[in-house]
Amino acid sequence: MARRILRVILIVVGLLLAVLAIQAFRYRDTIQRVFLGGVKVYETQAPRLPANLPRPAILVFSKTNAFRHADAIPAANSLFRQIAHDKGWGYFQTENGASFRPDILSHFDTVVFNNVSGDVFTPDQRLAFETFVKNGGGFLGIHAAGDNSHEAWPWYADNLIGARFTMHTMSPQFQTATVNLDDRTSPVLASLPPSWKHNEEWYAFAASPRLKGYHVLMTVDERTYNPEGMFGKDLRMGNDHPVIWWHCVGKGRALYSALGHRPEAFRQKEYVRLLANAVSWTTRTCRFARR
C-alpha cells in the first residue's frame with residue numbers, strides 16, 4: 001500500500017515538473033526579460049533614414065531588452081506619428097540601437113523613448129545619445145523608460161530620468177486614480193484641466209525628483225487608489241508623488257512621464273494633449289545649460 005502511494009506521489013510530482021518545464025519553455029523569452037536580466041541584443045547596422053526628412057523631426061525609439069509593453073508600444077507609436085503629421089514635422093520610428101550615432105541623431109530635434117526597457121545600447125551608442133541631449137537635443141521618456149531595468153546605466157537613471165523606480169502597484173495592478181497638475185504655468189500643461197482620472201499601473205520612486213531641483217508637472221493623489229505593491233509593500237510617497245517632471249541636461253530639455261502602460265492611455269484626450277505639448281516643448285533648448 002505504501003509503495004502504491006509513493007508511486008502515485010512520484011507520478012504526480014513528475015507530471016507537475018513536466019508542466020512547469022513546458023510552461024518555462026513556452027514563456028522563456030518573458031522569463032529571460034523579466035527575471036534573468038533581460039536579453040542582450042545590440043544592433044551595429046543602422047537603418048536608412050527617409051530622404052529630405054522635414055525639421056523639426058522626432059525619433060521615436062521603442063526597443064526592449066527587458067519587459068515589452070506589447071500593446072502600448074504600437075498605440076504610442078501611432079499617436080506620435082499622428083502628432084508629427086499634424087505639426088508637419090519629420091518622424092522616424094525604430095527599434096534599432098545603431099540609429100544612435102552622431103550623424104543620424106543630427107537629423108532629429110527630439111528623441112522619444114516609448115516604453116524602452118533594459119540595457120539597449122553599446123557604449124558608443126550611449127555616448128552618442130548623451131552627447132545629443134547635452135548639446136541641445138530633446139528627450140521624452142514614456143513609462144518603462146523610467147523603470148529599474150535601466151540601472152546599469154547610471155547617467156541615464158540618475159541624470160536623465162533623475163528618480164529611481166522602486167515598484168508599481170499590484171493590489172490591484174491597474175487602478176483609476178486622480179492626477180493633479182502641479183505647475184499651471186508650463187506650456188506642457190496648456191489647455192488641460194487642473195485634474196482628471198487616469199487608469200494606470202502606478203509607479204513609485206525612492207524619492208521625488210523635486211528634491212534634486214527638477215520641475216514636477218503632475219502628481220498622483222495617493223488617497224484615490226491603493227498604493228500597495230507586491231507582497232503588500234507600501235508604495236506611498238506622501239503628498240508629493242510625482243508622475244511627470246522635467247529638467248535641463250546641458251542644453252537639452254528632458255521630460256519623463258510615468259504614465260503609459262496600457263494602450264488606452266494614448267487615446268485619453270488629456271494625455272494626448274499633454275504629449276503633443278511635450279513633444280513641441282522638448283524640441284527647444286534650455287536657456288541655461290546645466291550638467
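Think of each chain on its own: its residues are numbered from 1, step by step along the sequence as written. Local features are withheld for residues below a pLDDT of 70 in this predicted model, meaning they are given only at 70 or higher, and side-chain atom pairs are given and counted only at 80 or more; totals for whole chains, interfaces and linings count all residues. Side-chain measures were taken over the full set of non-hydrogen atoms in the model, leaving aside hydrogen atoms and water.

(A) Structural detail: the side chain of Thr169. Strands here are runs of E lasting at least two residues and helices are runs of H or I lasting at least four, both read from the DSSP assignment and numbered beginning at the N terminus. Examined against the element boundaries, Thr169 turns out to sit in the loop between β5 (165-168) and β6 (175-181). Take Thr169: its relative accessible area is 1%, and that puts it in the buried class. Reaching out from Thr169, the side chain makes a polar contact with the backbone oxygen of Gln173 at a distance of 2.7 Å. Here a residue-residue contact requires only that any non-hydrogen atoms of the pair lie within 4.5 Å. If we skip the residues at most four places from it in the chain, Thr169 touches Gln175, Glu200, Glu201, Trp202, Tyr225, Asn226, Pro227, Glu228, Gly229 and Leu235. Remark: exposure states derive from per-residue accessible area (1.4 Å probe, protein chains only) relative to the maximum for the residue type, with buried under 20%, exposed over 50%, and partly exposed in between. In protein, a polar contact requires one atom able to donate a hydrogen and another able to accept it; more generally it is a pair of N or O atoms within 3.5 Å, and residues adjacent in sequence count only if both atoms are side-chain atoms.

(B) Region of the structure containing the environment of Thr176. Positionally, Thr176 belongs in strand β6. C-alpha of Thr176 to C-alpha of Asn226: the two residues are 50 residues apart in sequence and 9.7 Å apart in space. When near neighbours in sequence (up to four residues on either side) are disregarded, Thr176 contacts Lys197, His198, Asn199, Thr224 and Tyr225. A distance of 3.1 Å separates the side chain of Thr176 from the side chain of Asn199, its partner in a polar contact.

(C) Region of the structure containing the side chain of Thr64. Assignment of secondary structure puts Thr64 in the loop between β1 (57-61) and α3 (72-87). Residue Thr64 is classed as buried on the basis of its relative accessible area of 5%. Engagement of the side chain of Thr64 in a polar contact is seen with the side chain of Arg68, the distance being 2.8 Å.

(D) Focus on the packing of α3 against helix α7 (residues 269-282). An axis is simply a line fitted to the C-alpha atoms; with a helix, the fit covers only the stretch in contact. Between two such axes, the angle follows the N-to-C directions and lies from 0 to 180 degrees. For the pair α3 and α7, the least separation of the axes is 11 Å and the interaxial angle reads 60 degrees. With respect to α7, the axis of α3 lies oblique. For α3 against α7, the interelement crossing comes out right-handed. Here Leu79, Phe80, Ile83 and Lys87 of α3 lie close against α7, whose contacting residues are Val272, Leu275, Ala276, Val279 and Ser280. Its residues assigned to classes, the contact of α3 with α7 comprises 7 nonpolar, 1 polar and 1 charged. Oblique is the label for every angle not falling under 35 degrees (roughly parallel), over 145 degrees (roughly antiparallel), or within 65 to 115 degrees (roughly perpendicular). For any pair of crossing helices, the crossing counts as left-handed if the nearer helix is rotated counterclockwise from the farther one by less than a right angle, and right-handed if it is rotated clockwise. Just so you know the grouping, Ala, Val, Leu, Ile, Met, Phe, Trp, Tyr, Cys and Pro go in nonpolar, Asp, Glu, Lys and Arg go in charged, and all remaining residues, Gly too, go in polar.

(E) Broad picture of the state of the cysteines. Cysteine sulfur atoms are paired as a disulfide whenever they come within 2.5 Å of each other. For the coordinates displayed, the defined rule picks out 1 disulfide. In this model Cys248 forms its disulfide with Cys286; the gap between the sulfur atoms is 2.1 Å. Between Cys248 and Cys286, the disulfide has an S-S torsion of -95 degrees and is therefore left-handed. With Cys248 in strand β10 (residues 242-249) and Cys286 in the segment after α7, the pair connects residues that are 38 residues apart, well separated along the chain. Overall, the relative accessible area of 11% leaves Cys248 in the buried class. The class for Cys286 is buried, based on a relative accessible area of 7%.

(F) Expanded view of the nonpolar core. Phe80, Phe113, Phe129, Phe266 and Leu274 are the most contacted members of the largest nonpolar core, which totals 82 residues. Residues within four places of Phe266 in sequence aside, it is in contact with Ala72, Ala75, Ala76, Leu79, Ile142, Gly260, Tyr271, Val272 and Leu275. Throughout this description, the term nonpolar core refers to a set of buried Ala, Val, Leu, Ile, Met, Phe, Trp, Tyr and Cys residues connected via side-chain atoms within 4.5 Å.

(G) Examining the sheet that holds strand β2 (residues 90-94) more closely. The strand order across the open sheet built from 9 strands is β2-β1-β3-β4-β11-β10-β9-β6-β7, with neighbouring strands paired in mixed fashion. Taken across any chain shown, the strands that pair with only one partner, and hence form the sheet edges, are β2 and β7 (195-200). Each strand of the sheet is rotated relative to its neighbour by a mean of 20 degrees, with strand direction disregarded. A strand pair is defined by DSSP finding two or more bridges across the two strands. Pairing of β6 with strand β9 (residues 215-220) involves 3 bridges; the strand directions are antiparallel. By the bridge assignment for β9, Leu181 is matched with Met218. Each of β3 (110-114), β4 (138-142), β10 and β11 (252-257) touches helix α5 (residues 123-134); the most contacted strand, β3, lies at about 125 degrees to it.

(H) Geometry of α7. One fewer than the residue count of a helix, multiplied by 1.5 Å, yields its expected span. With 14 residues, α7 should reach 20 Å at 1.5 Å per residue; the first-to-last C-alpha distance of 20 Å fits that figure. The buried fraction of α7 is high, at 11 of 14 residues. Among the residues making up α7, those that are buried are Glu270, Tyr271, Leu274, Leu275, Ala276, Asn277, Ala278, Val279, Ser280, Trp281 and Thr282.

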